[in-house]
Amino acid sequence: MKKVNTGVGSAESRRALTPNEERRKADFDRIREALESEGYTAKDLTISLIFANVVAVAALIPLMIGSIALFVSLGYTEGWPQIYVFDLGSLGTGFAFLLLILFTLFLHEGIHGLTWALVAPNGMKSIRFGFMIQFLTPYCTCVDPLTRWQYVAGGLMPGLLLGLVPWIVAMGVGSAPLLVISIIMLVAAAGDVLIVLKLLSYPAGKKETVYVDHPTLGGLVVFER
């Protein structure tokens, strides 16, 4: 059986897999074997989660500065930069804010799953969730092959619904707390954006192409013939 080479670091590609990940890998190997027996060739489009996290952290400062500058230029200056609705000096309120952020991070993965389930042949049965403890990263994966735009839609939907749309609303109504949450959600979508950009930059020149989420790494594998 031909092995798909991954472009990620050894810490990710050689990490110990959980029992659920082992099962997903076995399912992926069966799909790969079936597709390759039909004449498809595989192209790895995975990314390093460590690199994605570095990009997310690097994007936070310019995104925050730019958003605050625009927010203030629109005349929303009262209570800024102190987030007066979220009095983070209060232990209880600060804890509640952290819980809200954690909830939205897991909601982010739920939106991935729901979007892909709407187009996947087996619906929600094809969706799997997990958490990579080594990289503090929750994740969602779809085990069914998808089309190019089905994969893109599922990849970008959390960033749009939890990040971009709330960001626009925050700028429209002058809500500093909503602005902060939207910026965090946009940063959380950095890995998704990197994966989609890598996918869109890959020339889909073959007549028949399917896209399969990688079972244990960030990104996907393209099969084409």
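Residues numbered from 1 in each chain as written. Predicted model: local features only at pLDDT ≥ 70, side-chain atom pairs only at ≥ 80, totals over all residues. Heavy atoms only, no water.

Novice: What should I look at first to understand the overall build of the protein in this one?
Specialist: Counting its regular elements, the protein contains seven helices and five strands. Each helix and strand of the protein, ordered N terminal to C terminal, gives the series α-α-β-α-α-β-β-α-α-α-β-β. The burial tally for the protein puts 44% of its 225 residues in the buried class. A separation threshold of at least 6 residues defines the contact pool for the protein, and within that pool the share at least 24 residues apart is 70%. Looking at the protein as shown, the accessible area adds up to about 11,800 Å², and 68% of this sits on carbon and sulfur atoms. (Helix = DSSP H or I, 4+ residues; strand = E, 2+ residues; numbered from the N terminus. Buried < 20%, exposed > 50% of the residue type's maximum accessible area, 1.4 Å probe, protein only. Contact = heavy atoms within 4.5 Å. Areas by Shrake-Rupley, 256 points an atom, 1.4 Å probe, with all protein chains shown as cover.)

Novice: Just checking my understanding: could you explain the layout of surface pockets for this structure?
Specialist: Rolled over the atoms, a probe as big as a water molecule pinpoints where empty space is left. Computed from the structure, the largest pocket encloses a volume of approximately 940 Å³. Taken together, 41 residues make up the lining of the largest pocket; nearest its centre are Asn53, Glu109, Thr137, Pro138 and Ala188. Counting residues per element, the ones that place at least two in the lining of the largest pocket are helix 3 (49-73), helix 4 (91-119), strand 2 (127-132), strand 3 (137-142), helix 5 (148-173), helix 6 (176-188), helix 7 (190-201) and strand 5 (218-224). Looking at the lining of the largest pocket element by element, the count peaks at eight residues for helix 4. (1 Å grid on protein atoms, 1.4 Å probe; cavity = no way out; pocket = protein on both sides within 12 Å on 5 of 7 lines; lining within 4 Å. Points joined across faces, edges and corners; volume = space filled by probe spheres on them.)

Novice: What is the right way to look at the nonpolar core in this model?
Specialist: Nonpolar side chains in soluble globular proteins generally cluster together in the buried interior. Formed by 19 residues in total, the largest nonpolar core has its most connected members in Trp116, Tyr151, Leu199, Leu220 and Val222. Ranked by the residues each element gives to this core, the list is headed by helix 7, at three residues. Not counting chain neighbours up to four residues away, the residues in contact with Leu220 comprise Lys43, Asp44, Leu45, Thr46, Tyr151, Ile195, Leu199, Tyr211, Val212, Asp213 and His214. (Core = buried A, V, L, I, M, F, W, Y, C linked by side-chain atoms within 4.5 Å.)

Novice: Help me out: how do you make sense of the environment of Val180 in this one?
Specialist: Structurally, Val180 can be placed in helix 6. Distance in space between the C-alpha atoms of Val180 and Met64 is 8.1 Å, their sequence separation being 116 residues.

Novice: What should I look at first to understand the side chain of Thr46 in this one?
Specialist: Following the sequence through the fold, Thr46 ends up in strand 1 (residues 41-47). Of the polar contacts made by the side chain of Thr46, one reaches the side chain of Asp44; its length is 2.9 Å. (Polar contact = N/O pair within 3.5 Å; in protein donor to acceptor, adjacent residues only side chain to side chain.)

Novice: Help me understand empty space enclosed by the protein, please; the structure alone is not making it clear to me.
Specialist: This structure, assessed with the given rule, holds one cavity of 30 Å³ or more. Size it by volume and the largest cavity reaches roughly 60 Å³. Every element with two or more residues in the lining of the largest cavity is listed here: helix 2 (19-37), strand 3 and strand 4 (209-213). Broken down by element, the lining of the largest cavity gets its largest block of residues, four residues, from helix 2. The residue makeup of the lining of the largest cavity, split by class, is six nonpolar, one polar and three charged. (Nonpolar A, V, L, I, M, F, W, Y, C, P; charged D, E, K, R; others polar.)

Novice: Can you help me understand the packing of aromatic side chains in this one?
Specialist: Aromatic rings considered in pairs are described by the distance between their centres and by the relative angle of their planes. A full pass over the atoms with the stated rule returns three aromatic pairs. Centre to centre, the rings of Phe28 and Phe223 are 6.4 Å apart; their planes meet at 50°, and the pair counts as tilted. Taken together, the positions of Phe28 in helix 2 and Phe223 in strand 5 put the pair 195 residues apart, joining distant regions of the chain. By relative accessible area, Phe28 is classed as buried at 6%. With a relative accessible area of 0%, Phe223 lands in the buried category. Judged by centre distance (5.0 Å) and plane angle (45°), the ring pair of Phe71 and Tyr76 falls under tilted. A relative accessible area of 2% means that Phe71 is categorised as buried. For Tyr76, a relative accessible area of 23% translates into the label partly exposed. (Phe/Tyr/Trp six-rings, centres within 6.5 Å; stacked < 30°, edge-to-face > 60°.)

Novice: I keep staring at a nonpolar patch on the surface and nothing clicks. Help me out?
Specialist: Residues Phe95, Leu99, Leu102, Phe106, Phe131, Ile133 and Leu136 make up a contiguous nonpolar surface patch of roughly 760 Å² in combined accessible area. Among the elements that line the nonpolar patch, the one with the most residues is helix 4, at four residues. Residue Leu136 is classed as exposed on the basis of its relative accessible area of 64%. (Patch = residues over 30% accessible without salt bridge, like charges linked within 9 Å, V, L, I, M, F, W, Y side chains within 5 Å. Salt bridge = Lys/Arg side-chain N within 4 Å of Asp/Glu carboxyl O.)

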